[in-house]
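Geometric and topological summary
These are the residues of each chain, in order.
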Amino acid sequence: MSPLLSIVLPVHGVERFLPQCLDSLRADTAAPGELELIAVDDLSPDGCGAILDAYAERDERMRVLHLTVNQGLGGAREVGLAEATGRYVWFVDSDDWLPEGTLDALLAELRAEESRPEGPADVLLTGFTHVYNDGTTEPNPWRRVLAGSPLEQGCTAAEHPALFNSVLSVWNKVMRREHLQGLGVAFGRGYYEDISVTYPLLLSAARLRYLDRVCYYYRRGRPGAITATASPKHADAFAQYDAIFAFLDRNEQAAALRTLVFDRTVKQALTVYDTPGLVPVDLRPEFFGRIADHFARHRPAGYRFPSGVRGVQYRLAARGSRVAYGELRRGGRLPGAVKRSALAVGPGVRKVVRSGARYTAYNTFRRLPLDPDLAVYAAYWQRSYACNPAAIYEKARELAPQIRGVWVVENRERARALPPGVPYVIVNTPAYLRVMATATYFVNNVNFPHTMVKRPGSVHVQTQHGTPLKLTGTDLQGRPEAADGTDFERLLEGVARWDFLVSPNPHASAVFAKAFPGDYQLLETGYPRNDRLVQATAEDCAEARRRLGVAPGQRTVLYAPVHREPWSTRPEPLDLAELARRLGPGYTLLVRDPSPADGGTGDAGAGRPAVDRDAAVLRDVSAHPVVEDLYLAADVLVTDYSPAMFDFAVLDRPIALHAPDWEEYRQQHGVYLDLPAEPPGPVATGLDGLAEALRAGDPEPGLRARFRERFCPWDDGRAAERVVSRVFPIRK
């Protein structure tokens, strides 16, 4: 009997991601012969072929096909599909991976599908999670159109057309192989290669089902991602559109949704055209002409343009009126309600945003004057109220109260985590577009979106978020693994916007000047976020310990290792339970895991004590939102290569390094310091040495004194005051 499921894995140039993907393809409940893995080595230029062969030697489910000519992602999928024998097939990208237990759950669903009296689903759609390079995650943004819909029980695309407002990639769709191969379609070549399959697949299915479970970790911001790459290959989309409409021409059932599909393809093509940095400048006229040609070739009979601004955009695109379309996008030709007065901008723009033309709204707001008293703040990609921007915001409220500070957050959940009374806007709302277009001041510890224009008269303050130990910025050129897909041209475009760059110490000043070349002014003030550490009283420290549940009299150790990127090698995890046992009941061990998505310490924030009464109390504080609380509560810091050591040194408390893989880390990332030669305290490479150093109390204060002299000379509690006084007008 044929296998229940074939997984097809195209592989090219993903050596650093591939082991994680392969390790995740486990199924403890699979019967013999129920699952097959077909890996296609698409003439990979790195060590992927050898990795695949090594895995195949110890996994009888796995076959490796080594291609002698590069076929591209679509071609490699076709090769793998031709070899697949499973009743269902799943195309997994080799730089992504599956959550624990996924294949067991999926196989159970497929077994249940085959026993249904109405027949098995042709396609099983799954939930997924986006994972970013810094380890943070984002739930499926399209779940709202899938969960709770008829898809959970099973329906056709015509019965739930909102399905086409979700992601149309192939990797979250497990498909019945017989259904797929009966469609007469194939994956395209070049960019957007999967839509020539996914549209026909969904349009023709007799039954679609959605499994509301996270079955896939999709890596965002990965090297070479087409959503962030300038290339003439974005025009490949039009060949895929032609293939989709050729299918519609020969499939009566699918043709009923022709208008919906047409609108969806036009929207995608215009989004690609409108997104800065995708279509090369010299090819933009040709690309827009291809959109007009798409209208001429595939517009359905009796087609009616959408209403509102989107309808105006579509009409201009259909006529090939590129100049007029550009004027509309810049706000030069808008509905009269928007153009008549500034008072009408708000209602008009809400309509624009609903139609999907956010840039039109933003450019409309740019016609308004800058607000001299408006400052926009953000931190860590709009995910938290923290770090230097938060310290500057609070000091500006005190010293420049006429400045209205507004925080940018990515969603309502992040907004609820803000301190009470902090004004905010949510990304991509009309309020957000307005403040981004009209604010005079911008403060962030990462770059604001490149799609937002720096207006004359605006002031951008870049604070960064740590003293650099590993290489950063343009110093990563020539180190493709550590750069991990960094677009250096776009990086320099961001640096060109900076008016001020805040530096924590002389070492950082020297690094920043080299790694981020630009015309900004370097503010050698110290880090504003560390003012709280300098100014902390004994009562502040006691209160931090109380909030964290640390019992009086306990010696408290904070273990805060560095965040490890997915491609970075990891040493054997520190045995925290054994360390707690070695330290004994007089200690509390706080653990801050920076990479919970990669297998952290467990139930973050649970705060449960270790079971062993003769061991230290072991608490996971990974979810605690304010890292400065952890510093104040700790008597000693243990880290490997985290920038936390530079901040914690402000408190003049012991620091111990657990550095078992320094040479590997140094070679992989590149570093600015020989850390073991000039450490802040004792250096251990194993648990024995670390436990001994911690029990010794403060064995090497001279190391810490020299470290503080080098990295903390400006930390006097007034860094935020110096930044605010330089950037904002101070009211006397």
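Residues numbered from 1 in each chain as written. Predicted model: local features only at pLDDT ≥ 70, side-chain atom pairs only at ≥ 80, totals over all residues. Heavy atoms only, no water.

1. Quick word on the overall build of the protein
A tally of helices and strands in the protein yields 30 helices and 21 strands. For 732 residues, the compact-globule formula gives about 27 Å, and the C-alpha radius of gyration of the protein, at 28 Å, lands near that figure. Dimensions along the principal axes, computed over C-alpha positions, put the protein at roughly 80 × 70 × 45 Å. The buried share among the 732 residues of the protein stands at 55%. Restricting the contact set of the protein to residue pairs at least 6 apart, pairs at least 24 apart contribute 74%. For the protein, the separation between the mean place of its 87 positive charges and that of its 90 negative charges on side chains is 10 Å. (Helix = DSSP H or I, 4+ residues; strand = E, 2+ residues; numbered from the N terminus. Rg over C-alpha atoms; globule rule 2.2 N^0.38 Å. Buried < 20%, exposed > 50% of the residue type's maximum accessible area, 1.4 Å probe, protein only. Contact = heavy atoms within 4.5 Å. Lys, Arg positive; Asp, Glu negative; His and termini not counted. Charge placed at Lys NZ, Arg CZ, Asp CG, Glu CD.)

2. A look at the state of the cysteines
Taken as a whole and assessed by the stated rule, the structure comprises zero disulfides. Looking at the unpaired C712, the closest cysteine sulfur is the one in C387, lying at 15 Å. The class of C712 is buried, set by a relative accessible area of 9%. (Disulfide = S-S within 2.5 Å.)

3. Some points on the side chain of D59
Along the chain, D59 falls in the loop between helix 2 (48-57) and strand 3 (62-66). On the accessibility criterion, D59 (17% relative accessible area) is buried. Among the polar contacts listed, one links the side chain of D59 to the side chain of R61, at a separation of 2.7 Å. (Polar contact = N/O pair within 3.5 Å; in protein donor to acceptor, adjacent residues only side chain to side chain.)

4. Structural notes on the packing of helix 24 (residues 576-583) against helix 28 (residues 687-695)
In the contact formed by helix 24 and helix 28, the axes pass within 10 Å of each other and the chain directions differ by 40 degrees. Considering their axes alone, helix 24 and helix 28 lie oblique with respect to each other. For helix 24 against helix 28, the interelement crossing comes out right-handed. Together, E578, L579, R582 and L583 of helix 24 and L687, D688, L690, A691, L694 and R695 of helix 28 make up the contact between the two elements. Of the residues that constitute the contact of helix 24 with helix 28, the class distribution is six nonpolar, no polar and four charged. (Axes fitted to C-alpha atoms, helices over the stretch in contact; angles between N-to-C directions. Parallel < 35°, antiparallel > 145°, perpendicular 65-115°, else oblique. Left-handed = near helix turned anticlockwise from the far one by under 90°. Nonpolar A, V, L, I, M, F, W, Y, C, P; charged D, E, K, R; others polar.)

5. Some remarks on the packing of aromatic side chains
Going through the model one piece at a time under the given rule, you end up with 37 aromatic pairs. On the basis of an interplanar angle of 90 degrees and a centroid distance of 5.7 Å, the ring pair of F238 and Y241 is categorised as edge-to-face. Taken as a pair, F238 and Y241 lie in helix 7 (residues 237-250) at a separation of three residues, close to a single helical turn. Centre to centre, the rings of Y385 and W407 are 4.7 Å apart; their planes meet at 50 degrees, and the pair counts as tilted. Highlighted residues: Y385 in the loop between strand 9 (371-378) and helix 16 (387-399) and W407 in strand 10 (residues 404-409), separated in sequence by 22 residues. Here W407 falls in the buried class, since its relative accessible area comes to 0%. Clustering of aromatic rings is evident, with ring pairs tying together W90, F128, W142, W171, Y216 and Y218. Cation over ring: R58 sits above Y55, and NZ or CZ is 4.4 Å from the ring centre. (Phe/Tyr/Trp six-rings, centres within 6.5 Å; stacked < 30°, edge-to-face > 60°. Lys NZ or Arg CZ within 6 Å of the ring centre and 35° of its normal.)

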